[in-house]
Amino acid sequence: MIILSFDFGTTNIGVAVGQELTHTANALTSIRSKNGVPNWYQIKKIIKQWKPKYIIVGLPLNIDGTNQNITIKARKFAKSLQKMSINVKLHDERLSTVEAKSILFQKGGFKSLTKNNIDSFSAVLILESWFLNKNKL
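On a predicted model such as this, the values are computed, not experimentally measured, just so you know. (Residues numbered from 1 in each chain as written. Predicted model: local features only at pLDDT ≥ 70, side-chain atom pairs only at ≥ 80, totals over all residues. Heavy atoms only, no water.)

**Observations concerning the pairing of strand β1 (residues 2-7)**
Point 1. Across the six residues that make up β1, a large majority, five, are buried.
Point 2. Strand direction decides the pairing type here: β1 and strand β2 (residues 12-19), joined by six bridges, are antiparallel. Across the sheet, L4 pairs through a bridge with V17, a residue of β2.
Point 3. Where β1 folds back on β2, the antiparallel hairpin that results is connected by four residues.
Point 4. Note that β1 and strand β5 (residues 54-59) share four bridges and pair parallel. (Buried < 20%, exposed > 50% of the residue type's maximum accessible area, 1.4 Å probe, protein only. Helix = DSSP H or I, 4+ residues; strand = E, 2+ residues; numbered from the N terminus. Pairing = 2+ DSSP bridges.)

This is the structure:
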């Protein structure tokens, strides 16, 4: 079963695809947003191409679990995805960007720390974390 994951941001949205059978994920791309509005054409194109069973959207929370300003926007983004008749699940993404930067730096140094790489790899980490934790939910 194919699953997509989105690391929502107001300027960029990282995208990853994963396979539930293997519990692995791969970075796809980063989609630019304009004035905080996602590029829905690109998002719909990716969804049509991959035909996911689920979409996992990273839920940005503060370290103590409280909402941030972007938490509300990520929830709104997830609700918009649900309108496409796809099962959408939110998953805690605390520190995914920090972890993505650390792993990418270890693998490729500063050159690997592009915005596109960071956002799409954060989506990978969100999806792999969801795979690890879905049976605990």
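**Focus on the nonpolar core**
Point 1. In terms of nonpolar packing, the biggest core is built from 18 residues, with F6, I43, I55, F77 and L81 touching the most fellow members.
Point 2. At the level of elements, β1, β2, α1 (40-50), β5 and α2 (69-82) are the ones that each hand at least two residues to this core.
Point 3. In this structure F6 touches I13, G14, V15, I43, I55, I56, V57, G58, F77, L81 and I126, once residues within four positions along its chain are discounted.
Point 4. Grouped together as the second largest cluster of nonpolar side chains are 13 residues, A25, I56, V124 and L127 included. (Core = buried A, V, L, I, M, F, W, Y, C linked by side-chain atoms within 4.5 Å. Contact = heavy atoms within 4.5 Å.)

**Concerning the side chain of H91**
Point 1. Within the fold, H91 resides in strand β6 (residues 87-92).
Point 2. A residue is classified by how much of its surface remains accessible, and H91, at 9% relative accessible area, is buried.

**Some remarks on unusual backbone geometry**
Point 1. Despite not being glycine, H23 has its phi angle at roughly 60 degrees, a positive value.
Point 2. Note that H23 resides in the loop between β2 and β3 (24-34).
Point 3. On the basis of relative accessible area, H23 is assigned to the partly exposed category, the value being 33%.
Point 4. The residue S85 is not glycine, and still its phi comes out positive at about 60 degrees.
Point 5. As for its position among the elements, S85 is in the loop between α2 and β6.
Point 6. Since its relative accessible area comes to 71%, S85 is described here as exposed.

**Brief notes about the sheet that holds β2**
Point 1. Here six strands make up an open sheet; going across it, the order is β4-β3-β2-β1-β5-β6 and the pairing mixed. For this open sheet the edge positions go to β4 (37-38) and β6, each flanked by a neighbour on one side alone.
Point 2. Inspection of the sheet shows β3 paired to β4 by two bridges, in the antiparallel sense. Across the sheet, the residue bridging to K34 is V37, located in β4.
Point 3. Sheet strands touched by α1: β1, β2, β3, β4 and β5. Its angle to β3, the strand with the most contacts, is close to 155 degrees.
Point 4. Contacting β1, β2, β4, β5 and β6, α2 crosses the sheet at an angle of about 170 degrees to β5. (Axes fitted to C-alpha atoms, helices over the stretch in contact; angles between N-to-C directions.)

**Considering a positive patch on the surface**
Point 1. On the surface, R75, K76, K79 and K83 cluster together to form a positively charged patch.
Point 2. Looking at the element boundaries, K79 is found in helix α2.
Point 3. Note on K79: relative accessible area 56%, which makes it exposed. (Patch = residues over 30% accessible without salt bridge, like charges linked within 9 Å, V, L, I, M, F, W, Y side chains within 5 Å. Areas by Shrake-Rupley, 256 points an atom, 1.4 Å probe, with all protein chains shown as cover. Salt bridge = Lys/Arg side-chain N within 4 Å of Asp/Glu carboxyl O. Lys, Arg positive; Asp, Glu negative; His and termini not counted. Charge placed at Lys NZ, Arg CZ, Asp CG, Glu CD.)

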